[in-house]
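The lines below spell out each chain.
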Amino acid sequence: MLSIWNFDGKIAFEDILSATEKFDEKYCIGIGGYGTVFRVELEGGVTFAVKLLHSMEEFSDEGTFHAEIEVLTKIRPRCIVKLYGFCSHSQCKFLVYDLIERGSLSSILHEQELAKELDWTSRIAIVTDVVQALSYLHHDCNDPIVHRDIKSSNILLNQDYKAYVSDFGMARKLKHGCSSWSTIFAGTCDYIAPELSSTMVLTEKCDVYSFGVVVLEVVMGKHPGDLLLPFFCRTEQPGKFNDILDRRIAAPSAIGEEKDVILVALVAFACLQVKPKSRPTMQQVYQALTNRNRSTFIPRPLHEIRLQDLHDYCGTLKNI
C-alpha cells in the first residue's frame, strides 16, 4: 500500500529508494524510538524527510504505523509537521514528511554555539508554537488527541526557528475524556507524567506535564533533572529563578522580556503539578501566553524571584 499525495505512487517510491541508495546511513539525519529519519532530495530539488520505521517484535509495528497515519491525515497542520504520504509493505514501512531544516530543539540546545542563537524572544516563540499545536490537538479536533511523547527531540525548528511538533507514533484519540494506557511503555522516562505509573489512565494532562518539562528545558538550556524532585516530594523549591536561566545567552533585559520569561516559567511550574487536576489545560496556557494585556503575576524584578514564588503563584494561570 503506497500513497504519496501530488506524486505518482510507484515513481515516488522508486525515487525515494534511489535518492537514499536504499536508505544508506549517510543520508540519515536522526534516529528515534520508532524510526530512522532520512533526508531525501528528489529530482527537481524537492526535499523531504522520510521516516523508515524500525522493525520491533515487542509490539505491532503495523498498529503504530497506521496510528500515526490516522492522526496526521485528519488534522490540519498548525505548528505540526506536515505528512505528504506513506508506504506500507511487509519489508518496508515509511512516512514522508515535510523537511524541517534545523532539526530538533534538543539537538540545538545541546550544541553550545547553536543554543546561543536562541535568544529569549526565540525561546518564548518556540514555547508558544508548541502550545498552539497541543491546544489544537486537545481542544479543536473532533476526538481529542493525546500525543503521549512530548519531548524536546520531537519538537523541530525551521530556518526561522518556528517550532513544529512531530512523531505521532504513539498518539491516541481520547473518548469520554480518558483512555486506558497501552500495555506498551509509552513515552520517554524523563518526560512522563507521574500518575501514569500508578493509575495507568491516559488523559490530555499527561501531555501537559511533559510540556512543562520541555518549557523548563527551554528556560534552563538543559533537562531540569533534579529540579523536578520538589514537585514529587512536595518540599520547598530551593534557590532563585535567576540561577537556573541558561547562561549561554544574555539575561532578559527589557521589562517586557523579563515579564515574558517569568510568565513562561509560571506556565512550566503550573504544568508540572503532581495532581493532574491542578494543571491547566493547553487552551488555558495558550490564552495566558497570547493575552496581550497580561501583566506579571509576581510583582518583583526577575533577579529577586525565588523558585518557590513560581510554585506559589502558578495556580493563578487558570484565572486569566
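Everything quoted here is computed from the prediction, not taken from an experiment.

About the criteria used
- Residues numbered from 1 in each chain as written.
- Predicted model: local features only at pLDDT ≥ 70, side-chain atom pairs only at ≥ 80, totals over all residues.
- Heavy atoms only, no water.
- Helix = DSSP H or I, 4+ residues; strand = E, 2+ residues; numbered from the N terminus.
- Buried < 20%, exposed > 50% of the residue type's maximum accessible area, 1.4 Å probe, protein only.
- Phe/Tyr/Trp six-rings, centres within 6.5 Å; stacked < 30°, edge-to-face > 60°.
- Lys NZ or Arg CZ within 6 Å of the ring centre and 35° of its normal.
- Pairing = 2+ DSSP bridges.
- Contact = heavy atoms within 4.5 Å.
- Axes fitted to C-alpha atoms, helices over the stretch in contact; angles between N-to-C directions.
- UniProt positions renumbered as here; feature names shortened; annotations may be inferred.
- Core = buried A, V, L, I, M, F, W, Y, C linked by side-chain atoms within 4.5 Å.
- Domains from an automatic or database assignment.
- Parallel < 35°, antiparallel > 145°, perpendicular 65-115°, else oblique.
- Nonpolar A, V, L, I, M, F, W, Y, C, P; charged D, E, K, R; others polar.

Q: How should unusual backbone geometry be read in this particular structure?
A: Most peptide bonds take the trans configuration, and most residues that are not glycine carry a negative phi. Despite not being glycine, K22 has its phi angle at roughly 60 degrees, a positive value. Looking at the secondary structure, you find K22 in the loop between α1 (9-19) and β2 (28-31). Its identity as a non-glycine residue notwithstanding, F23 has a phi of 60 degrees, on the positive side. On the secondary structure map, F23 appears in the loop between α1 and β2. For F23, a relative accessible area of 13% translates into the label buried.

Q: Would you mind showing me how to read the packing of aromatic side chains here?
A: In the structure shown here, the tally under the stated rule is six aromatic pairs. Taken together, F13, F23, F38 and F94 form an aromatic cluster joined through their ring pairs. Above the plane of the ring of W120 lies R123, whose end atom (NZ or CZ) is 5.6 Å from the centre. Residue placement shows K162 over the ring face of Y164; its charged tip is 6.0 Å from the ring centre.

Q: Which parts of the structure should I look at to understand the sheet that holds strand β10 (residues 163-165)?
A: Sheet strands associate in pairs through backbone hydrogen bonding, adopting either a parallel or an antiparallel arrangement. In spatial order, the strands read β7-β9-β10; together these three strands make up an open sheet with antiparallel pairing. Edge positions in the open sheet fall to β7 (103-104) and β10, since each of these has one partner strand only. Here β7 pairs with strand β9 (residues 155-157) via two bridges, running antiparallel. From the neighbouring strand, S104 faces β9, where its bridge partner is L156. Together, β9 and β10 form the strand contacts of helix α5 (residues 120-140), whose direction differs from that of β10 by roughly 30 degrees.

Q: What is the right way to look at the UniProt feature "binding site: ATP" (unreviewed entry) in the protein in this model?
A: UniProt's feature table lists "binding site: ATP" (unreviewed entry) at K51, given in the numbering used throughout. Along the polypeptide, K51 turns up in strand β4 (residues 47-53).

Q: Mind showing me how you'd approach the nonpolar core here?
A: A general feature of soluble globular proteins is that nonpolar side chains tend to end up buried together. In terms of nonpolar packing, the biggest core is built from 87 residues, with I75, L105, F168, F211, F241, V285 and L310 touching the most fellow members. Each of domain 1 (9-98) and domain 2 (103-316) gives at least three residues to this core. With near-sequence residues (within four places) excluded, V285 lies in contact with V131, F211, V267, C271, P280 and L317. Counting 14 residues, the second largest nonpolar core, distinct from the first, contains F48, L52, Y84 and C87.

Q: How do you make sense of the packing of α5 against helix α7 (residues 204-220) when you look at a structure like this?
A: How two helices pack is summed up by the angle between their axes together with the distance between the axes. Two elements in contact, α5 and α7, have axes whose closest approach is 11 Å; the angle formed by their N-to-C orientations is 175 degrees. With respect to each other, α5 and α7 are oriented roughly antiparallel. Taking contact as the criterion, the partners of W120, R123, V127, V130, V131, L134 and H138 in α5 are, on α7, E204, D207, V208, F211, V215, V218 and V219. Grouping the amino acids of the contact of α5 with α7 by side-chain chemistry returns 10 nonpolar, one polar and three charged.

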